Every structure is written in structure tokens, then in C-alpha cells.
Amino acid sequence: MWAADHAEYLASPVWRAVRAPIIARAAGHCEVCHRPTKRFQVHHLTYVRSGGDELPSDLQAICHRCHLVA
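Residues numbered from 1 in each chain as written. Predicted model: local features only at pLDDT ≥ 70, side-chain atom pairs only at ≥ 80, totals over all residues. Heavy atoms only, no water.

Participant: Please clarify how the overall build of the protein should be interpreted in this entry.
Facilitator: Within the protein one finds three helices and two strands. Order of helices (α) and strands (β) in the protein, N terminus to C terminus: α-α-β-β-α. Relative to the compact-globule value of 11 Å for 70 residues, the protein shows a C-alpha radius of gyration of 12 Å, a close match. Overall, the protein is about 35 × 25 × 20 Å in size when its C-alpha atoms are taken along their principal axes. Residue burial in the protein is summarised as follows: out of 70 residues, 30% are buried. Counting contacts in the protein only where the partners sit at least 6 residues apart, residues at least 24 apart contribute 50% of the total. For the protein, the exposed area adds up to about 4700 Å²; of that, 61% sits on carbon and sulfur atoms. (Helix = DSSP H or I, 4+ residues; strand = E, 2+ residues; numbered from the N terminus. Rg over C-alpha atoms; globule rule 2.2 N^0.38 Å. Buried < 20%, exposed > 50% of the residue type's maximum accessible area, 1.4 Å probe, protein only. Contact = heavy atoms within 4.5 Å. Areas by Shrake-Rupley, 256 points an atom, 1.4 Å probe, with all protein chains shown as cover.)

Shown next, in the form of C-alpha cells:
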């Protein structure tokens, strides 16, 4: 059930609003490997806060390659 709820959240306008400043913070570079990228995946470092309550420190804007190993 958690996976379905999480997938729904990731498709929501709330998540889009949460992730936008994280992507802006990255300034075009993966926050892990620092390579330039135009396509980010926003990774949760912790799920202590979720559903729109995440803090910026809970999230990273990373490239696909880094997200595969995160």
C-alpha cells in the first residue's frame, strides 16, 4: 500500500511544489556527482517527513546515474 500512496504523491501538485526549489538549488548540476544535467530526479534522503512536509535538507536533486545507486 505504501508504494501506491507514494506513487500517487509523486504525481501530485504538492510534490511538484516541493521539488521545484530543490531543482533550482542544484543550479543545473547533480548534487552528488556535480555533473551538469538537465533532467533531475529528486531523491529523499529520509522519509521521516513526507507528503509535503519534507525539509530541503531531506532531499537531493540528482542525475539518473546517481539515483540508481542512492
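Participant: Mind showing me how you'd approach the pairing of strand β2 (residues 59-62) here?
Facilitator: What you see with β2 is no split at all: L59 and A61 on one side and Q60 and I62 on the other are buried throughout. Where strand β1 (residues 41-44) and β2 come together, four bridges link them in antiparallel fashion. In the sheet register, V42 faces β2, and the bridge partner there is A61. (Pairing = 2+ DSSP bridges.)

Participant: How should the nonpolar core be read in this particular structure?
Facilitator: The tendency in soluble globular proteins is for nonpolar side chains to be buried side by side. Membership of the largest hydrophobic core is limited to nine residues, which are Y9, W15, V18, I22, A26, F40, V42, L59 and A61. Here this core gets four residues from one element, more than from any other, and that element is helix α2 (residues 13-26). (Core = buried A, V, L, I, M, F, W, Y, C linked by side-chain atoms within 4.5 Å.)

Participant: So what exactly am I meant to see when it comes to the pattern of salt bridges here?
Facilitator: Pairs can form between side chains of opposite charge whenever their charged atoms are close. Inspection of every chain in the model, using the stated rule, returns two salt bridges. With a closest N to O distance of 2.8 Å, E31 and R25 form a salt bridge. Overall, the relative accessible area of 23% leaves E31 in the partly exposed class. For R25, a relative accessible area of 39% corresponds to the partly exposed category. Between D58 and R49 there is a salt bridge; the shortest N-O distance is 2.7 Å. The buried category is assigned to D58, whose relative accessible area is 2%. By relative accessible area, which is 29% here, R49 ends up partly exposed. (Salt bridge = Lys/Arg side-chain N within 4 Å of Asp/Glu carboxyl O.)

These figures capture arrangement, not role.
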